[in-house]
Amino acid sequence: MTEQALVPTGGKVNLALFSPDYDDGMTKKQAAEKVSALAERFSELQTMFYANRKNALLIILQAMDAGGKDGTIRKVFAPLDPQGVRVIAFKKPSEAELAHDFLWRVHQQVPPKGMITVFNRSHYEDVLIVRVNKLVSEEVWRKRYDHINAFEKLLTDSGTIILKFFLHISKDEQKKRLQDRLDDPTERWKFAIGDLPVREKWHDYQQAYEDALALCHTEYAPWHIIPANKKWYRNYIITRVIMDKLESLQLSFPAGEVGLDKVVIPD
Ligand code: ATP
Ligand code: MG
């Protein structure tokens, strides 16, 4: 079922062929019930993942504005121990960051073994906003797909598991969410007037996403196109993809130190 979310391998990606409304015939109630039923196991998997410290897990979230990155982080990772999860948001690069190669700031934030790190935006911005707004020349950004693939290969060869999620919403849904932010006094602070020119370039962004999804979808660091108009389905499917990956590791709790059988706790 989670296959539904995987980018097809080989060739191009046409986002128009992926419905942002897809929900696999589930209702909101069913999806929410499934997510709650999975919570305990999800938490156990993370504890074993931490206890074994064999691998690290890097989760990359990319989306248009109001695409649901923050909500995903809040909901999907809620069952987990906060000590085992770090969230890193990538904003506009600083001067020092711009004076280095584009992966410099990113490499510093990758998870150590046992940890889960969630990237809220990522190095993909360097082939998205940077490409659409022509912040560097085409000659520079064109090479970045190969740089990204090589970087992600280095990470996975070093024991990091990478799962990449594109939260796919429709332009209408973005309008609705931006309008809700304007209308709701508790959400108004999230509204950035600067997001409107980005919305105007919707088509250019979709094209840039299609290239990033196609050119950087690898067997070792796959992209998932998540139908994200329905937040509850988005949360369910992302939970499933992450849990399926963790289950595939066949984790168990480490045995503990030798000699524990003979230990008597003193009074
Ligand atoms: P978000 O929009 O992710 O919810 P936010 O509204 O809290 O976060 P913003 O100030 O919008 O924060 O920060 C993200 C901005 O930084 C986005 O416009 C993003 O495109 C931009 N950004 C991130 N990485 C880069 C990069 N490498 N080069 C240029 N701009 C970048
Ligand atoms: Mg923003």
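Scroll up for the structure.
In this report, we go over the structure that sits alongside the text. (Residues numbered from 1 in each chain as written. Chains lettered and ligands numbered in written order. Predicted model: local features only at pLDDT ≥ 70, side-chain atom pairs only at ≥ 80, totals over all residues. Heavy atoms only, no water.)

## So, the site of ligand 1
- Taken together, the neighbourhood of ligand 1 is formed by 14 residues, with Lys-69, Lys-91, Arg-121, Glu-125 and Asp-126 sitting nearest.
- At 3.2 Å from an oxygen atom of ligand 1 is found a main-chain nitrogen or oxygen belonging to Lys-92.
- With respect to ligand 1, the side chain of Arg-121 contributes an N or O atom lying 2.7 Å from an oxygen atom.
- When ligand 1 is considered free in solution it has 620 Å² of accessible area, and contact with the protein chains removes 72% of it.
- Of all the secondary structure elements, the ones that give two or more residues to the shell around ligand 1 are helix H2 (69–76) and helix H5 (129–132). (Near = heavy atom within 4 Å. Polar contact = N/O pair within 3.5 Å; in protein donor to acceptor, adjacent residues only side chain to side chain. Areas by Shrake-Rupley, 256 points an atom, 1.4 Å probe, with all protein chains shown as cover. Helix = DSSP H or I, 4+ residues; strand = E, 2+ residues; numbered from the N terminus.)

## Concerning helix H10 (residues 231–248)
- Taking 1.5 Å as the rise per residue, H10 with 18 residues should run 26 Å; its terminal C-alpha atoms sit 26 Å apart, in good agreement.
- Counting buried positions along H10 gives 13 out of 18 residues, so the element sits mostly inside the fold. (Expected span 1.5 Å × (residues − 1). Buried < 20%, exposed > 50% of the residue type's maximum accessible area, 1.4 Å probe, protein only.)

## Re the pattern of salt bridges
- Applying the stated criterion across every chain, the model contains 16 salt bridges.
- Put simply, Arg-105 and Glu-97 hold a salt bridge, and the shortest N to O gap is 3.3 Å.
- Owing to a relative accessible area of 25%, Glu-97 belongs among the partly exposed residues under this scheme.
- Across the pair Glu-152 and Lys-164 runs a salt bridge whose closest N-O atoms are separated by 2.7 Å. Linking Glu-152 in helix H6 (residues 138–157) with Lys-164 in strand S4 (residues 160–168), this pair joins segments that are 12 residues apart in sequence. Just as Glu-152 is buried, Lys-164 falls in that class too. (Salt bridge = Lys/Arg side-chain N within 4 Å of Asp/Glu carboxyl O.)

## Some details on the environment of Phe-253
- By the element assignment, Phe-253 lies in the segment after H10.
- For Phe-253 and Pro-197, which are 56 residues apart along the polypeptide, the C-alpha to C-alpha distance reads 50 Å.
- Phe-253 has contacts with Glu-44, Thr-47 and Met-48, leaving out every residue within four places of it along the chain. (Contact = heavy atoms within 4.5 Å.)

## A closer look at the packing of H2 against H10
- Where H2 contacts H10, the axes come no closer than 10 Å and their chain directions differ by 60°. Here H10 runs oblique to H2, going by the angle between their axes. Seen from above, H2 lies across H10 with right-handed handedness. Side by side, H2 and H10 meet where Gly-71, Thr-72, Lys-75 and Val-76 of the first sit next to Arg-234, Asn-235, Ile-238, Thr-239 and Ile-242 of the second.
- When grouped by side-chain class, the residues that make up the contact of H2 with H10 number three nonpolar, four polar and two charged. (Axes fitted to C-alpha atoms, helices over the stretch in contact; angles between N-to-C directions. Parallel < 35°, antiparallel > 145°, perpendicular 65-115°, else oblique. Left-handed = near helix turned anticlockwise from the far one by under 90°. Nonpolar A, V, L, I, M, F, W, Y, C, P; charged D, E, K, R; others polar.)

## Notes on the nonpolar core
- By size, the foremost hydrophobic cluster in this structure holds 71 residues, and its most contacted members are Leu-57, Ile-59, Tyr-124, Phe-165 and Ile-242.
- With nine residues, H10 is the single largest residue contributor to this core.
- Non-local contacts of Ile-59, meaning those with residues more than four positions away in its chain, are made with Phe-77, Ile-116, Thr-117, Val-118, Phe-119, Leu-163, Phe-165 and Ile-242. (Core = buried A, V, L, I, M, F, W, Y, C linked by side-chain atoms within 4.5 Å.)

## A short note on helix H9 (residues 202–215)
- Compared with an ideal rise of 1.5 Å per residue, which puts 14 residues at 20 Å, H9 spans 20 Å between its outermost C-alpha atoms and is within 8% of the ideal.
- Where H9 is concerned, the buried positions are Trp-202, Tyr-205, Gln-206, Ala-208, Tyr-209, Glu-210, Ala-212 and Leu-213.

## Quick notes on the packing of aromatic side chains
- Scanning the entire structure with this criterion turns up six aromatic pairs.
- Here Tyr-22 and Tyr-233 contribute two aromatic rings whose centre-to-centre distance is 5.8 Å and whose plane-to-plane angle is 75°, an arrangement assigned as edge-to-face. Of the two residues, Tyr-22 sits in the segment before helix H1 (28–52) while Tyr-233 sits in helix H10, which places them 211 residues apart along the sequence.
- A ring pair is formed by Phe-90 and Phe-119, whose centres lie 4.8 Å apart and whose planes are at 80°; its orientation type is edge-to-face. Pair noted here: Phe-90 is in the loop between strand S2 (85–89) and helix H3 (95–98) and Phe-119 is in strand S3 (residues 116–120), with a separation of 29 residues, a long-range link. (Phe/Tyr/Trp six-rings, centres within 6.5 Å; stacked < 30°, edge-to-face > 60°.)

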